[in-house]
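So you can see what is in the structure, the chains are spelled out below.
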Amino acid sequence: QSLPQQKLLTWLSVLECVEVFAEMGTARVWGEMGRWTIIVLIQLAKAILRLLLLLWYKAGIQTSPPIVPLNREQQQPLHPQDMEDNPSGKDQTYVGRRSSRVVRSLQNTPSLQSRHWGSPQQREESQSRRAEEMNQPPTPLGLQETIAESIYVTRPLLHLLSLGLWGQRSWKPWLLSAVLDISSLSLLSDLKDLNRRERAELRRRTILLLYYLLRSPFYDRYSEGRILLLLRLLADYVPGVGFVTRPLMDYLPAWQKIYFYNWG
């Protein structure tokens, strides 16, 4: 990736990290008008950055989060102590005569923080496989797939526009957003030879369609009573589940009112 593309991904990741805080903080300081203003500005900035990545840098299907979080355990050297003690950098292992099991010798046991329970060969294979997956280039998109990804990128702006035209209690913004999401997934379903990250992203978008059960006005008219009744039954009749479901019942109404939690 070029340096400008990396900067765009970084800014996009920052926006996704602070959007909920910005919405809640602005609502506390400037009220409802300030809240919707910051929502529109953040969604507009995200759409512009994603369209630049899609159309200018040919970034393909964009994942969320844009930058994969660093897994420090995977980034550690295989055996930090071995690298110091063994100039060749190779693991000293022992192969069982009858079992053929590969184990590390006692002299090369790493510290507790970097210890793993697989064989050195398994660790090397998994690390090389992860590096391969991370370095895979994005799948080139044709015209149909580019339109589908553009629909997905601009859907939040169209939803906000429809909210301004018809209001939050209208079914039209809910239906428009659902049609755009389903249309985007349908157009992308014909794309073959996706890499692992892109397949995971499409699965994530498909699962997120369940959020329409929690989005107003469907939630207010149909889902709320049924979901709360189910959580209450689980809390009352399933031992131990109440520790999770009762706080969830208290938290769900507050979560449902935050735009970036269920629409962002």
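Numbering of residues begins from 1 in every chain and follows the order in which that chain's sequence is written. Note on the predicted model: pLDDT of at least 70 is required for a residue's local features to be given, and 80 or more for side-chain atom pairs to be given and counted; whole-chain, interface and lining totals, by contrast, use all residues. Note that water and hydrogens are dropped before the side-chain values are worked out from all heavy atoms of the structure.

Looking at an unreviewed UniProt entry, the chain carries the name Peroxisomal membrane protein PEX16, with the source organism given as Alca torda. UniProt positions are given in the numbering used here, feature names are shortened, and annotations may be inferred rather than shown by experiment. The Subcellular location (unreviewed entry) field of the UniProt record for the chain holds the comment "Peroxisome membrane". Looking at the chain in UniProt, the text filed under Sequence similarities (unreviewed entry) is "Belongs to the peroxin-16 family."

Novice: Teacher, can you tell me more about the overall build of the chain here?
Specialist: Helix and strand assignments come from DSSP, with helices taken as H or I runs of at least 4 residues and strands as E runs of at least 2, each series counted from the N terminus. Along its length, the chain carries 10 helices and two strands. Reading the helices (α) and strands (β) of the chain from amino to carboxyl end gives α-α-α-β-β-α-α-α-α-α-α-α. In this scheme, a residue with accessible area under 20% of its type's maximum is buried, one over 50% is exposed, and one in between is partly exposed, where area comes from a 1.4 Å probe on protein chains only. The burial tally for the chain puts 37% of its 264 residues in the buried class. Whether two residues are in contact is decided by their heavy atoms, any of which lying within 4.5 Å being enough. Here the analysis covers contacts within the chain between residues at least 6 apart in sequence; of these, 71% occur between residues at least 24 apart. Surface accessibility follows the Shrake-Rupley procedure with a 1.4 Å probe radius. Residue values consider only the protein chains on display as shielding. Accessible surface for the chain amounts to roughly 17100 Å². Of this, 61% is attributable to carbon and sulfur atoms.

Novice: So what exactly am I meant to see when it comes to the pattern of salt bridges here?
Specialist: Note on pairing: side chains with opposite charge can pair once their charged atoms come close. Note on definitions: salt bridges are taken to be side-chain nitrogens of Lys or Arg within 4 Å of carboxyl oxygens of Asp or Glu. For the structure shown, the criterion picks out nine salt bridges. Residue E19 pairs with K46 through a salt bridge whose shortest N-O separation is 2.9 Å. Take E19 and K46: they sit in the same class, and that class is buried. A salt bridge links E149 to R205; its shortest N-O distance comes to 3.0 Å. One end of the pair, E149, is in helix α5 (residues 143-166); the other, R205, is in helix α7 (residues 196-207), with 56 residues separating them in the sequence. R205 matches E149 in its accessibility class, with the two residues each being buried. The network of salt bridges with shared partners includes E149, E201, R204 and R205.

Novice: Would you mind going over the confidence of the model for the chain with me for this structure?
Specialist: Caution applies to low-pLDDT regions: their predicted coordinates should not be interpreted in detail. Averaged over all residues, the pLDDT of the chain is 85; the fraction at 70 or higher stands at 79%. pLDDT runs from 0 to 100 and stands for how confident the predictor is about each residue. Predicted confidence is poor over residues 78-85, with pLDDT under 50, and the contacts of this stretch with residues over four places away or in other chains come to 17 contacts.

Novice: Can you walk me through the side chain of T146 in this structure?
Specialist: Along the chain, the position of T146 falls in helix α5. Counting of polar contacts relies on pairs of N or O atoms within 3.5 Å, with two restrictions inside protein: one atom must be capable of donating a hydrogen and the other of accepting it, and residues adjacent in sequence are counted only when both atoms are side-chain atoms. A distance of 2.7 Å separates a polar atom in the side chain of T146 from the backbone oxygen of G142. Those residues in contact with T146, other than ones at most four positions away along the chain, are L54, L55 and L141.

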